[in-house]
Amino acid sequence: MEGSNVNITVDGARQGQNLYNHRGGLGNIDPDILKLVEVNAGPAAADDGPGALGGSIRMETVDAQDLLAPGQQVGARVRAGYASANRGKRASASAYGLVAPGVGVLAHVSRDHYDDLRTGDGRRTPFSGGRDDGHLLKLSLLEMGAHQLRVGSERQKASGLNFQQRGDYPWQFQPDPAVRPPVDQTLVREQHTLNYRFNPDSDWLDVELRLYQSSNDWAGKTPTGLVERFVSDGWGTDVRNRMRYGVGGLAGTLTVGVDRYEDKGVNKRSDRADRRNANESRGVYLQNRLTAAAGDVWFGVRHDEFDSSFRDGSTRASSDATSFNVGGEARLGHGVSVFGGYGEAASGAGTIPVHFAGNVVTGGALLNGRVNGTLKAERSHQTEAGVRWQQGSPAGNGLMRLEGLVFENRIEDAILYRQPGSGGLGGRNVTEFYNAASTATFKGVELRAAYAAGPFNADFSFMHLDVANLPNQAQFLARFGAPHGDKAVLRFGYAFSDNLQLGYTLTAVARLKDVPPAQTVYIEKSGYATHDVSVNWQPAGMKGLSVDFAVHNLLDKRYSKHSTLSEGGLSTLDAGRDIRVGLRYAF
């Protein structure tokens, strides 16, 4: 699913607002600054936040204290890398230290410059190069008795000479550069966060406060040279308290909280007045988690209210939804457990890109065919059930894990919009917002296995997915999900010593045959297999130095991911053989 249907946060700040033709949502996250990426693709919990129709992704950036060695007061690290597929050159530097007991400060900068991407057919995708620049400043007060405080400021900028049309369509169908040349475009993502936690010696009080301001800003030009900008400027807060309790062998954690998010979108063009849109969500939630020797149980509820206005308030829509979740895992003995869960999530009309939201027809758009009509919230109903088994330990005779699960996600009342006329969608008026009559369904099976013993480890995963009843409008197919051939991934790792590790990954995808009818953006595609190898070396005589070497798509396979949009029977190809070298030095 697209990021606008997943609750994505970085240090508590929401991400994912689209600006223009599937550009300007989640992007430009510098992996060097992340210490945690938590992905929940299963049924949504109440405290996952609003809009988690396809799950949630929670990312946290590093603190200075995470990078300092025991007893170290000041440190730094530098990193450099090269990737052959796009001739990418990357460099970053971080400085961090303790300015007082328990008070850490971190500063990080990065730059990534890359050319047009070479694909498996030996050709390069025109105008796919660019440059990324970023920085992070962070203050962390972590050893202050019952108090913790983190304050951060992050900025990421991507720029390049790119086509003006949809960035996710094949380049062969982009305008002729001689007739409509690409233009310089920039995308800036910026956020400022404050996270405070009060956790005294009490089972009933563990309070977290999250405040943030985040913005996405896309800038470019029209074919006639007019300056265009699409801006999403939001702020939000989340306040929650965890209460811990126990009776006998039962331990529980009850989380209660409220959250709010407000986003203001501006559609700018140099030959007319700005067009403004706004989206707001307000939520209250309760999530209970219980654990005992025999198993775990969880259940929760949240209520959300959504308000949206388009084209300077000419069209307004409000909705609300109450979402429940329940699940559990029973441990049957001998390492066997069974689990299952059900979760609901809801989202308002804030998933519509700022560009299109600003193109609402003068006088206002219809809502479900009526002037001053109503628009329901989008709803997801997600279910999963499975069994897992685990035995052993890596230090003994080996650790073995097996897991299998079935899942289903049903999305009802998807919010769509009509743009009658001809020519590019970006130039058409939006005349109506409406809820889809059909319920999109995603059903599948996942199998996982893992083994680790001494220096050796391996894991295997397999997924089969069936998709039905997707809306047939091209601009919505990408948002709700894509059909995919059966996929299997096999990984091996071996540590020759503490200083030398080797890895191998095989990714095999079967041919995609089952595609939604009455649409052209998802077509039947060939299966493919790719091979990746990697080596990490930490020279024994040079403490703090780490050398990474990898080859992705070792056999230079020509392929296109099944989730890539198509047009005229063509899809943008993925990278061919990509040789990567990286150096990292911490001191």
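What comes next concerns the included structure. Remember, predicted model here, so these are calculated numbers, not experimental data. (Residues numbered from 1 in each chain as written. Predicted model: local features only at pLDDT ≥ 70, side-chain atom pairs only at ≥ 80, totals over all residues. Heavy atoms only, no water.)

Glancing now at the overall build of the protein. Along the protein, the regular secondary structure elements total three helices and 31 strands. With the principal axes as the frame, the protein shows a C-alpha extent of 65 × 55 × 55 Å. Relative to its full complement of 587 residues, the protein shows a buried share of 47%. By sequence separation, contacts in the protein at least 24 residues apart represent 64% of the contacts at least 6 residues apart. (Helix = DSSP H or I, 4+ residues; strand = E, 2+ residues; numbered from the N terminus. Buried < 20%, exposed > 50% of the residue type's maximum accessible area, 1.4 Å probe, protein only. Contact = heavy atoms within 4.5 Å.)

Overall, the coordinates contain eleven aromatic pairs when judged by the stated rule. A centroid spacing of 5.4 Å and a plane angle of 20° characterise the contact between Trp218 and Phe230, whose relative ring orientation is stacked. Placement of Trp218 in strand E11 (residues 207-221) and of Phe230 in strand E12 (residues 227-247) is noted, with a sequence separation of twelve residues between them. A single burial state applies to Trp218 and to Phe230, both of which are buried. Ring geometry for Phe310 against Phe433: centres 4.5 Å apart, planes inclined by 25°, an arrangement best described as stacked. (Phe/Tyr/Trp six-rings, centres within 6.5 Å; stacked < 30°, edge-to-face > 60°.)

Another point: the sheet that holds strand E18 (residues 366-367). Taken in spatial order, the three strands line up as E18-E22-E21 in an open sheet, and their pairing is mixed. Looking at strand neighbours, the two that pair on one side only are E18 and strand E21 (415-418), the edges of this open sheet. By the bridge criterion, two bridges tie E18 to strand E22 (residues 432-435) in an arrangement that is parallel. Within the sheet, the bridge partner assigned to Leu366 lies in E22 and is Glu432. (Pairing = 2+ DSSP bridges.)

Membership of the largest hydrophobic core comes to 18 residues, with the highest contact counts inside it found for Leu416, Phe442, Leu470 and Phe480. If you tally residues by element for this core, the top one is strand E20 (residues 398-412), at three residues. Of all hydrophobic cores here, the second largest spans 14 residues; its members include Phe310, Ala317, Leu367 and Val430. (Core = buried A, V, L, I, M, F, W, Y, C linked by side-chain atoms within 4.5 Å.)

Strands sit in the order E2-E1-E4-E3 across an open sheet of four strands; the sheet is mixed. The open sheet terminates on both sides in strands that have one partner only, identified here as strand E2 (13-15) and strand E3 (34-40). In this sheet, neighbouring strand axes are inclined to one another by 20° on average, regardless of whether the strands run parallel or antiparallel. (Axes fitted to C-alpha atoms, helices over the stretch in contact; angles between N-to-C directions.)

The subject of this paragraph is unusual backbone geometry. One non-glycine residue, Arg87, lies in positive phi territory at about 50°. Topologically, Arg87 is positioned in the loop between strand E5 (74-83) and strand E6 (88-100). A positive phi angle is found at Asn372, which is not glycine, with a value near 55°. On the secondary structure map, Asn372 appears in the loop between E18 and strand E19 (378-393).

Now for the environment of His552. Structurally, His552 is set in strand E28 (residues 545-552). In this structure, the C-alpha to C-alpha distance between His552 and Val151, residues 401 residues apart in sequence, is 37 Å. For His552, the contacting residues outside a window of four places in its chain are His531, Asp532, Gly576, Arg577, Asp578 and Arg580.

On to the pattern of salt bridges, then. Going through the model one piece at a time under the given rule, you end up with 48 salt bridges. Asp66 is the partner of Lys35 in a salt bridge, and the nearest nitrogen-oxygen pair spans 3.1 Å. Residue Lys35 is found in strand E3, and its partner Asp66 is found in helix H1 (residues 64-67); the two are separated by 31 residues along the sequence. For Asp66, a relative accessible area of 40% gives the class partly exposed. Salt-bridge contacts for Glu60 lead to Arg58; the nearest nitrogen and oxygen are separated by 2.4 Å. Judged by relative accessible area, which is 25%, Glu60 ranks as partly exposed. Residue classification places Arg58 among the partly exposed positions, given a relative accessible area of 27%. Linked through salt bridges whose partners overlap, the residues forming this network are Arg260, Glu262, Lys264, Glu280, Arg282, Glu305 and Asp307. (Salt bridge = Lys/Arg side-chain N within 4 Å of Asp/Glu carboxyl O.)

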